[in-house]
Amino acid sequence: MNSDISLPSHRGNRFYQGVAATFVANALQAVNFLGDRFLRKSHHSLSAIEDLYRHSMDSAFSVTEAFLVTGAPHASAYYPRDFAWFYPDVLDPETIRDSQDAVRRVRLLERSVRLLLEAVRANVVTTTIVPAGRARYLGVNYFSRPSDTLLGILAGLRQMISAEERASSYLAMSQCAHAGRLLLAEYGTDLKRAILKLASELEPFDADGTRYLLCDASGPRSAATDTRAERRRFVTNACVYTTFGWAVQLGVVDENELKRLLGRDLAQYKKDLLRLFGKGGYIRHSLDGPASSPVSSVALDFVGVHRGFWDMSEASERALFAATTDLIIAEPRFRIPSTFHFLVSADNPRNKMIHKIAAPAYQGRSSWPTFNVEFADRMLDYDEVSGGDTYRACAQGILKDIRTATEVHGGYQELISEHGLKYRTWAYKGAVAHSWFPRFLSVWRRAYGTPLLQWND
């Protein structure tokens with residue numbers, strides 16, 4: 001494959017949303033899950049981590065792919081937020097096998113981000129985009145409006161633009177950075193409009209005589225691991241703060257424009273969120289519902305996204321992170337026995353029929369390897385800023401057990417059950433999360449100081 005890549009502009013895509021679009025999208029997704037239930041077969045019997053990674057990268061970044069997705073049964077739908085939550089290290093040179101692999105990744109990332117930006121231009125800012133025929137896409141929300149869709153789009157742009165800053169011999173990296181700057185120039189006005197709209201949608205929330213701003217004060221907003229019905233969640237509001245921060249860093253919006261809408265600067269906005277969700281001395285998962293024991297009030301998704309909410313710059317912020325982390329580490333219900341696989345929560349607050357039939361109970365008794373990797377990375381952030389080794393051993397244990405699970409199950413799993421097995425519901429047989437694999441390798445290198453795998457181009 002030629003390492004000189006061209007990144008053409010795709011015109012003529014059409015986006016639809018509304019009642020009819022939602023109905024058709026639901027039907028398409030039902031077919032996807034049923035097809036996975038009855039047709040999915042294991043195509044390889046590899047066990048060595050090197051072979052599994054090679055197979056995963058060939059699948060994740062195949063030239064036949066139209067969009068960067070995982071290997072899950074719902075992967076025929078496109079999730080903008082994944083570029084923040086799950087794909088932040090697609091272009092890490094140490095995870096790239098050779099120049100052809102680099103070209104495939106750059107092409108697929110550019111194609112995916114451009115499609116999402118076209119959706120923003122069409123004013124379709126939804127949790128999910130479902131392809132419905134040639135150049136036709138359905139925007140639909142499962143099951144509430146998003147808090148992290150714009151965050152994912154910004155994450156994809158940030159990764160493209162910063163590609164040439166990484167030490168790499170791949171020509172595709174500099175070409176990717178150039179393509180990212182062109183996308184930002186072409187769609188920056190559309191992004192700005194959508195981000196200012198998000199800022200204008202924040203709602204006042206009064207507590208303890210102080211007025212805060214939340215994105216979900218009166219109704220739920222969707223984010224990774226959402227339970228479909230919770231309001232006033234930490235993770236959704238942390239996503240919105242990070243969206244604003246990244247937009248300012250990329251020059252999409254001026255902070256003064258946000259300040260006029262929010263009535264406070266971003267630094268104060270973040271302090272407010274930490275004060276509100278951390279008033280018990282740890283980060284509470286949600287303000288919605290009755291107060292409960294500390295370990296039942298926290299959830300693993302508090303770790304946020306790569307270079308997102310947590311920068312550990314303040315001693316008070318580090319204290320909140322450490323207290324929440326210590327609760328999770330010390331509580332046996334958070335862990336698959338005899339492992340460092342941490343479950344999303346100690347309890348399963350909502351396990352509806354749809355979770356048993358078709359989809360995982362995201363905020364329940366399951367382990368997301370990708371969230372465990374982010375947990376490990378935030379631990380390393382904490383140690384780096386505090387100048388100690390408080391959590392390094394735990395971070396290494398998390399990564400070691402994920403490697404073991406990858407080899408045992410034949411690939412990097414999207415979810416693992418609370419018993420350490422492949423996650424299975426009736427229609428969800430378990431999926432190999434190909435596209436999440438590079439992030440694992442990136443954090444492994446940071447935790448151990450040496451790469452898990454090495455490639456010779």
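The rules we used
- Residues numbered from 1 in each chain as written.
- Predicted model: local features only at pLDDT ≥ 70, side-chain atom pairs only at ≥ 80, totals over all residues.
- Heavy atoms only, no water.
- Helix = DSSP H or I, 4+ residues; strand = E, 2+ residues; numbered from the N terminus.
- Rg over C-alpha atoms; globule rule 2.2 N^0.38 Å.
- Buried < 20%, exposed > 50% of the residue type's maximum accessible area, 1.4 Å probe, protein only.
- 1 Å grid on protein atoms, 1.4 Å probe; cavity = no way out; pocket = protein on both sides within 12 Å on 5 of 7 lines; lining within 4 Å.
- Points joined across faces, edges and corners; volume = space filled by probe spheres on them.
- Phe/Tyr/Trp six-rings, centres within 6.5 Å; stacked < 30°, edge-to-face > 60°.
- Lys NZ or Arg CZ within 6 Å of the ring centre and 35° of its normal.
- Expected span 1.5 Å × (residues − 1).
- Contact = heavy atoms within 4.5 Å.
- Patch = residues over 30% accessible without salt bridge, like charges linked within 9 Å, V, L, I, M, F, W, Y side chains within 5 Å.
- Areas by Shrake-Rupley, 256 points an atom, 1.4 Å probe, with all protein chains shown as cover.
- Salt bridge = Lys/Arg side-chain N within 4 Å of Asp/Glu carboxyl O.
- Pairing = 2+ DSSP bridges.
- Axes fitted to C-alpha atoms, helices over the stretch in contact; angles between N-to-C directions.
- Domains from an automatic or database assignment.
- Buried area = accessible area lost by both parts, 1.4 Å probe.
- Polar contact = N/O pair within 3.5 Å; in protein donor to acceptor, adjacent residues only side chain to side chain.
- Nonpolar A, V, L, I, M, F, W, Y, C, P; charged D, E, K, R; others polar.
- Disulfide = S-S within 2.5 Å.
- Parallel < 35°, antiparallel > 145°, perpendicular 65-115°, else oblique.

## Let's talk about the overall build of the chain
Thinking step 1. Looking only at helices and strands, the chain has 15 helices and seven strands in total.
Thinking step 2. In terms of overall size, the chain behaves like a compact globule, its C-alpha atoms giving a radius of gyration of 21 Å where 457 residues would be expected to give roughly 23 Å.
Thinking step 3. Along the first, second and third principal axes, the C-alpha set of the chain runs to 60 × 50 × 45 Å.
Thinking step 4. Expressed as a percentage of the 457 residues in the chain, the buried residues total 58%.

## Section: the layout of surface pockets
Thinking step 1. Counted as a void, the largest pocket has a volume near 710 Å³.
Thinking step 2. Surrounding the largest pocket, 27 residues form its lining, Pro 88, Asp 89, Arg 166, His 306 and Arg 307 being those nearest its centre.
Thinking step 3. Mapped onto the lining of the largest pocket, the elements with two or more residues apiece are helix H3 (82-85), helix H5 (149-161), helix H7 (234-249), helix H13 (369-386) and helix H15 (437-448).
Thinking step 4. No other element matches H15, which puts five residues into the lining of the largest pocket.

## A word on the packing of aromatic side chains
Thinking step 1. Per the stated rule, a full pass over the model turns up 33 aromatic pairs.
Thinking step 2. Both rings, one in Phe 38 and one in Trp 426, keep their centres 5.8 Å apart while their planes meet at 80°; by these two values the pair is edge-to-face. Residue Phe 38 is found in helix H1 (residues 19-39), and its partner Trp 426 is found in the loop between strand E7 (416-417) and H15; the two are separated by 388 residues along the sequence.
Thinking step 3. Seen from the ring of Trp 426, Arg 37 lies directly overhead, with NZ or CZ sitting 5.1 Å from the centre.
Thinking step 4. When the ring centre of Trp 246 is taken as origin, the NZ or CZ atom of Arg 158, which lies over that ring, is 4.1 Å away.

## With respect to helix H9 (residues 266-277)
Thinking step 1. The terminal C-alpha atoms of H9 lie 17 Å apart, and with twelve residues this matches the ideal 16 Å at 1.5 Å per residue to within 8%.
Thinking step 2. Of all the positions in H9, only Leu 266, Tyr 269, Lys 270, Asp 272, Leu 273, Leu 274, Leu 276 and Phe 277 are classed as buried.
Thinking step 3. Check the buried side of H9 and you find it contacts strand E4 (203-207), strand E5 (210-214), H7, helix H8 (255-262) and helix H11 (315-330).

## Things to note about a nonpolar patch on the surface
Thinking step 1. On the surface, a nonpolar cluster with roughly 660 Å² of combined accessible area is contributed by Leu 34, Phe 38, Leu 39, Met 353, Ile 357 and Trp 426.
Thinking step 2. At the level of secondary structure, the elements contributing two or more residues to the nonpolar patch comprise H1 and helix H12 (353-357).
Thinking step 3. Ranked by residue count, the leading element in the nonpolar patch is H1, at three residues.
Thinking step 4. Residue Trp 426 is classed as partly exposed on the basis of its relative accessible area, which comes to 43%.

## Re the sheet that holds strand E1 (residues 14-16)
Thinking step 1. Reading across from one edge, E1-E3-E2 is the order of the three strands in this open sheet, with mixed pairing throughout. In this open sheet, the two edge strands, each paired with only one partner strand, are E1 and strand E2 (128-131). Direction aside, the axes of adjacent strands within the sheet are offset by 30° on average.
Thinking step 2. Bridge count for E1 against strand E3 (residues 136-140) is three bridges, and the pairing is parallel. Its bridge partner being in E3, Phe 15 is matched across the sheet by Tyr 137.
Thinking step 3. Packed on one face of the sheet, H1 meets E1, E2 and E3 and runs near 100° to E3.
Thinking step 4. Packed onto the sheet, helix H4 (residues 99-121) meets E1, E2 and E3 and runs at close to 60° relative to E1.

## Points about the domain arrangement of the chain
Thinking step 1. Its domain assignment divides the chain into domain 1 (15-36 + 47-198), domain 2 (202-314) and domain 3 (331-447).
Thinking step 2. If you average the C-alpha positions of domain 1 and of domain 3, the two centres end up 22 Å apart.
Thinking step 3. Contacts between the two partners involve 30 residues from domain 1, matched on the other side by 29 residues from domain 3.
Thinking step 4. Taking both sides of the interface into account, the surface hidden between domain 1 and domain 3 amounts to around 2400 Å²; carbon and sulfur atoms contribute 67%.
Thinking step 5. Viewed at the interface, domain 3 and domain 1 are joined by two salt bridges.
Thinking step 6. The tally of links between domain 1 and domain 3 comes to eight residue pairs in polar contact (both at pLDDT 80 or more).
Thinking step 7. Elements supplying a minimum of two residues to the side of domain 1 that touches domain 3: H1 and helix H2 (49-60).
Thinking step 8. If you tally residues by element for the side of domain 1 that touches domain 3, the top one is H2, at eight residues.
Thinking step 9. Looking at the side of domain 1 that touches domain 3 residue by residue, the class counts come to 17 nonpolar, eight polar and five charged.

## Remarks on the state of the cysteines
Thinking step 1. As enumerated under the stated definition, the model contains zero disulfides in all.
Thinking step 2. Residue Cys 215 stays outside any disulfide, its sulfur separated by 8.2 Å from that of Cys 239, the closest cysteine.
Thinking step 3. Judged by its relative accessible area of 3%, Cys 239 falls in the buried class.

## What about the pairing of E5?
Thinking step 1. Pairing of E4 with E5 involves five bridges; the strand directions are antiparallel. Paired with Pro 204 across the two strands is Leu 213, which belongs to E5.
Thinking step 2. Linking E4 back to E5 in an antiparallel pair, the connection comprises two residues, with Asp 208 at a positive phi of about 55°.

## Topic: the packing of H4 against helix H6 (residues 171-200)
Thinking step 1. As a packed pair, H4 and H6 sit with axes 10 Å apart at the nearest point and diverge in direction by 10°. It follows from the interaxial angle that H4 and H6 lie roughly parallel. On the side of H4, the interface is formed by Ala 102, Val 103, Val 106, Glu 110, Val 113, Arg 114, Leu 117, Glu 118, Val 120 and Arg 121, while H6 contributes Ala 172, Cys 176, Ala 179, Leu 183, Glu 186, Tyr 187, Asp 190, Leu 191, Arg 193 and Ala 194.
Thinking step 2. Of the residues contributing to the contact of H4 with H6, the split by class is 13 nonpolar, no polar and seven charged.

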